[in-house]
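# Summary of structural features
This is what each chain is made of:
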Amino acid sequence: MTKRTKIIAIANQKGGVGKTTTVVNLAAALARRSRTVLVVDLDPQANATGGLGLEKEEGVSIYPVLLGNAEIADVIQPTAYDNLNIIPSEVDLAGAEIEIARREDHLSVIRDALAPVRDSGVFDYILLDCPPSLGIVMTSSLAAADGVLVPMQAEFLAMEGLGLITNLLEQLRAGANPDLELNGILLTMVNMVATQTKEVISMVKEKFGDRVYETTIPRNVRTSEAPSYGQPVIHYDPTCKGAVAYRAFAKEFIARTPTRFN
Ligand code: ADP
Ligand code: MG
């Protein structure tokens, strides 16, 4: 059987743009469509961990695996949802970053850590929730990924940030990860009433063409409430606008990101 696990890094060096919300809800919507999903929470803030209803637990994260002190199979946790598993985060990332940075193989640590899981073919998708900085964790996530998905807010200022991450993508293509694709750009927290919104969307589309997802995620209160209940919004309030948008996005994502199903 061909193993076609797709590893997608959800990245943007800016915080608060909807990375974690996208990871949690994309993962939940894919799982609902019978795709097997592993979320890897790489942000010490552990928002994806909490958003999927888990508590932080010392030693249960990717970090001991990166440092060679644990097996990856031992840190994969089930969630309350079928087909949806997670490697949670814990606070100790800063220390791990420094330790990893000293190593010669720092760009490949995440790729190497994920290799046994990828090779097992158990998961259709592995989604990497990156921390909001251009540090080692984000860079080595991109080095490990088949594609990078960039959530961004429809604001003029966000355009500059997009340049930083596409430069990083080019650097990786020129070196550690020649096959890395820009999976796409997802516009989040969209408020169509704001005057700059449509202008920014058309500027992004002009620059990135079909890499911009047709689906946009509206600003939606229920979507921001769901994490405090430890639930993806598609389960917390399946009919709200945020839930509808994330389900539509998952459908578009699957069409663009084929696995054994398509
Ligand atoms: P990041 O991971 O990029 O830092 P988050 O996904 O944590 O961003 O989102 C930042 C904040 O915005 C969170 O409080 C989250 O609940 C809220 N948020 C995210 N998406 C939406 C949305 N579509 N509508 C309203 N609030 C949102
Ligand atoms: Mg986050």
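For the structure, see preceding data.
This section reports on the structure supplied with the text. Within any chain, residue numbers begin from 1 and follow the written order of that chain's sequence. Note on labels: chains are lettered from A, ligands numbered from 1, in written order. Confidence filtering applies because this is a predicted model: local features only for residues at pLDDT of at least 70, side-chain atom pairs given and counted only at 80 or more, and all residues used for totals across whole chains, interfaces and linings. Excluding hydrogens and water, the side-chain figures rest on all heavy atoms present in the structure.

### Overview of the site of ligand 1
As a reminder, the rule being used: Residues are counted as near a molecule or strand when any one of their heavy atoms sits within 4 Å of it. As used in this structure description, the phrase polar contact means that two N or O atoms lie within 3.5 Å; if the pair is within protein, one of them must be able to donate a hydrogen and the other to accept it, and residues adjacent in sequence are counted only when both atoms belong to side chains. Working definition of accessibility: Shrake-Rupley area with a 1.4 Å probe, residue cover restricted to the visible protein chains. Cavity: a set of points on a 1 Å grid over the protein atoms alone where a 1.4 Å probe fits but cannot get out. Pocket: an open set with protein on both sides within 12 Å along at least five of seven lines, its lining residues, like those of a cavity, having an atom within 4 Å of a point. To be counted as sitting in a cavity or pocket, a molecule needs more than half of its atoms within 2 Å of that site's grid points. We count a stretch as a helix when DSSP gives it H or I for four or more residues in a row; a strand needs E for two or more, and each element gets its number in order from the N terminus.
Around ligand 1 sit 14 residues in total, of which G16, T20, T21, P218 and N220 are the nearest. Take V17: an N or O atom from its main chain is 3.0 Å from an oxygen atom of ligand 1. Alone, ligand 1 offers 560 Å² of accessible surface; in the complex the protein occludes 79% of this. Its atoms largely coinciding with the cavity grid, ligand 1 occupies the largest pocket. Only α1 (19-32) and α9 (221-225) provide two or more residues apiece to the shell around ligand 1.

### Topic: the sheet that holds strand β1 (residues 6-10)
The pairing of strands in a sheet comes from backbone hydrogen bonds and takes either a parallel or an antiparallel form. In plain terms, the rule: Only strands joined by at least two bridges in the DSSP assignment are considered to pair. Contact between two residues is taken to exist if any of their heavy atoms lie within 4.5 Å; hydrogens are not considered. Axis definition: a line fitted to C-alpha atoms, limited for helices to the stretch in contact. Angles are taken between N-to-C directions and run from 0 to 180 degrees.
Pairing is mixed across the open sheet formed by seven strands, whose spatial order is β3-β4-β2-β5-β1-β6-β7. What marks the edges here is a single partner per strand, and that holds for β3 (77-78) and β7 (181-188). The sheet contact formed by β3 and strand β4 (residues 84-87) spans two bridges and is antiparallel. Bridge pairing links P78 to N85 in β4. Along the sheet, helix α5 (residues 109-120) makes contact with β1, β2 (37-41) and β5 (125-129), crossing β5 at roughly 155°.

### Some words on the environment of K205
Inspection of the secondary structure puts K205 in helix α8 (residues 195-208). Leave out the neighbours within four places in its chain, and K205 touches V212 and E214.

### A look at the nonpolar core
The nonpolar side chains of a soluble globular protein tend to be buried, and buried together. Convention followed: For our purposes a nonpolar core is just a set of buried Ala, Val, Leu, Ile, Met, Phe, Trp, Tyr and Cys residues, chained together by side-chain atoms within 4.5 Å. Summary of the burial criterion: residues with accessible area below 20% of their type's maximum are buried, those above 50% are exposed, and those between are partly exposed, where the area comes from a 1.4 Å probe applied to protein chains only.
Core analysis: the biggest nonpolar cluster contains 53 residues, and V40, I62, I126, L142, M152 and V204 have the highest contact counts within it. For this core, the element with the most residues is helix α7 (residues 156-173), which contributes seven residues. For I126, the residues in contact, after removing those within four places along its chain, are T5, K6, I7, I8, L38, V40, L114 and V117.

### So, the layout of surface pockets
Put simply, the test is: Grid points are joined across faces, edges and corners, and a volume is the space filled by probe spheres set on the points. Residue polarity is assigned by list, with Asp, Glu, Lys and Arg as charged and Ala, Val, Leu, Ile, Met, Phe, Trp, Tyr, Cys and Pro as nonpolar; anything else, Gly included, falls into the polar class.
Roughly 510 Å³ of volume is contained in the largest pocket. Lining the largest pocket are 29 residues, and of these G18, K19, T20, T21 and M189 lie nearest its centre. At the level of secondary structure, the elements contributing two or more residues to the lining of the largest pocket comprise α1, α2 (47-51) and α9. Ranked by residues supplied to the lining of the largest pocket, first place goes to α1 with five residues. A per-class count over the lining of the largest pocket returns twelve nonpolar, 14 polar and three charged.

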